[in-house]
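# Breakdown of the fold
The residues making up each chain are set out below.
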Amino acid sequence: AMMHTANLHSDTVTMVDGKAYASEDISASVESISPLTGLPAIIIPVGLDSQGLPIGLQLIGRRWEDERLLAMARLVSEVAGGFRQPPGY
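The following refers to the structure shown. (Residues numbered from 1 in each chain as written. Predicted model: local features only at pLDDT ≥ 70, side-chain atom pairs only at ≥ 80, totals over all residues. Heavy atoms only, no water.)

In an α-helix, one full turn covers 3.6 residues, which means residues spaced three or four apart are oriented alike. Counted at 1.5 Å a residue, the expected span for helix α2 (residues 66-80) with its 15 residues is 21 Å, and the 21 Å between its end C-alpha atoms agrees. Remark: Gly-81 follows α2 within two positions and exhibits a positive phi of approximately 95°. (Helix = DSSP H or I, 4+ residues; strand = E, 2+ residues; numbered from the N terminus. Expected span 1.5 Å × (residues − 1).)

If you want it as structure tokens, here you go:
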């Protein structure tokens with residue numbers, strides 16, 4: 001749910017558009033919107049980056065429209081090709 005690909009668990013610095021940020025400084029980002037507002041959210045795998053790490057797309061729906069959000073997620077997943085396991089995992 002971050003606006004960059006995954007970091008290694010041992011990374012203490014996150015690079016976003018060529019700028020370094022302390023990983024803990026960006027941990028409360030867009031993924032906080034759903035639990036704070038009560039809106040349903042889902043993250044769909046949509047591909048792999050140049051290093052083979054997964055890229056996900058977060059969709060946030062309207063309150064009480066969970067089924068509609070799941071239907072939209074299913075369509076996006078079909079178009080994106082579904083989950084692809086990263087090499088070595």
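Okay, back to it.
Tallied over the full model, the rule gives one salt bridge. The partner of Arg-68 in a salt bridge is Glu-65, and the shortest N-O contact between them spans 3.3 Å. With a relative accessible area of 26%, Glu-65 lands in the partly exposed category. (Salt bridge = Lys/Arg side-chain N within 4 Å of Asp/Glu carboxyl O. Buried < 20%, exposed > 50% of the residue type's maximum accessible area, 1.4 Å probe, protein only.)

Moving on to the pairing of strand β3 (residues 41-48). Summarising the sheet, β3 and strand β4 (residues 54-60) pair through seven bridges and their orientation is antiparallel. Across the sheet, Gly-47 pairs through a bridge with Ile-55, a residue of β4. (Pairing = 2+ DSSP bridges.)

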